[in-house]
Amino acid sequence: MAAAKPLLPVVVLISGRGSNLQAIIEAAARGECPVEIRAVISNRPDAEGLQNTALRGIRTLVIDHACYSSRESFDLALMTTIDTFEPALVVLAGFMRILTPGFVRHYHGRMLNIHPSLLPDFPGLNTHARVLEAGCKEHGTTVHFVTEETDGGPAVAQVRMPVQDNDNVTSLAARVLAEEHRLFPLAIRWFAEGRLSLDNSHVLYDGRALPAPRQLEPATLR
Ligand code: GRF
């Protein structure tokens, strides 16, 4: 009998709804994302995602940023806690905090984020509204390694999709989110399988520097 492949130990950070976390848990349960989620940590005690029944059996913790007097002291507490779980990868799944340079450097090459835009376009908040306001014909989502520049780290993979004439923020956000739920577990899978890494500032995929983020066809084209 072939030995079971080892699972990549990960810690997932959330701040809110946690739908990407749920997608990762479901992909892992289907055998499509070989990770062991050692802990889920929220910086908000009221994060909706903490109530998700999909988290049953997974260690969940709250480190409330409001209880810390500075970004540095919060990040230090967060880092110390994360490291007790010895993750090989830290996953930012809707973690809505600006991280200090020391924290980011500590997880260099082993921290992934998902962002709801085609980075480098539209870093920051309210991406769907800004895309519509700008009259863009295309939108999407990006998984990237986290560096000190918020939403600015080397991009790993994207899903691009057309913006429809009748789109509003709600419809666009829903389509992008559905693609995030496919894209993030897949990118994490590549990392877990050793296919994806960061060499200084270059993303390596199967040992070669990616000239551009990998593009996935959208499943939700309509
Ligand atoms: C997602 O749109 C993600 O791209 C962004 O925050 C949102 C989190 O959603 N970073 P959820 O909490 O995973 O549902």
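Residues numbered from 1 in each chain as written. Predicted model: local features only at pLDDT ≥ 70, side-chain atom pairs only at ≥ 80, totals over all residues. Heavy atoms only, no water.

*Asks:* Describe the side chain of Thr127, naming the residues involved and giving the relevant values.
*Replies:* Relative to the helices and strands, Thr127 is located in helix 4 (residues 127–133). Within the structure, the side chain of Thr127 is placed 2.7 Å from the backbone oxygen of Pro116, a separation counted as a polar contact. Every residue in contact with Thr127, bar those within four places of it in the chain, is listed here: His115, Pro116, Ser117, Phe122 and His139. (Helix = DSSP H or I, 4+ residues; strand = E, 2+ residues; numbered from the N terminus. Polar contact = N/O pair within 3.5 Å; in protein donor to acceptor, adjacent residues only side chain to side chain. Contact = heavy atoms within 4.5 Å.)

*Asks:* Which residues make up the environment of Leu186, and what values go with them?
*Replies:* Locating Leu186 in the fold gives a position in helix 5 (residues 169–192). In sequence terms Leu186 and Thr141 are 45 residues apart; their C-alpha atoms lie 13 Å from each other.

*Asks:* Could you give an account of the site of the ligand, with specific residues and numbers?
*Replies:* The immediate surroundings of the ligand are formed by Arg17, Gly18, Ser19, Asn20, Gly94, Ile114, His115, Pro116 and Glu180. A distance of 2.6 Å separates an oxygen atom of the ligand from a polar atom in the side chain of Arg17. One of the side-chain N or O atoms of Glu180 is found 2.7 Å from an oxygen atom in the ligand. Here the ligand has 360 Å² of accessible area as a free molecule, and 88% of this is covered by the chains. The cavity that encloses the ligand is the largest pocket. Among the elements of the structure, helix 1 (19–29) and strand 5 (111–115) are those that each provide at least two residues to the shell around the ligand. Here the residues of the shell around the ligand sort into two nonpolar, five polar and two charged. (Near = heavy atom within 4 Å. Areas by Shrake-Rupley, 256 points an atom, 1.4 Å probe, with all protein chains shown as cover. 1 Å grid on protein atoms, 1.4 Å probe; cavity = no way out; pocket = protein on both sides within 12 Å on 5 of 7 lines; lining within 4 Å. Sits in = over half its atoms within 2 Å of the grid points. Nonpolar A, V, L, I, M, F, W, Y, C, P; charged D, E, K, R; others polar.)

These figures capture arrangement, not role.
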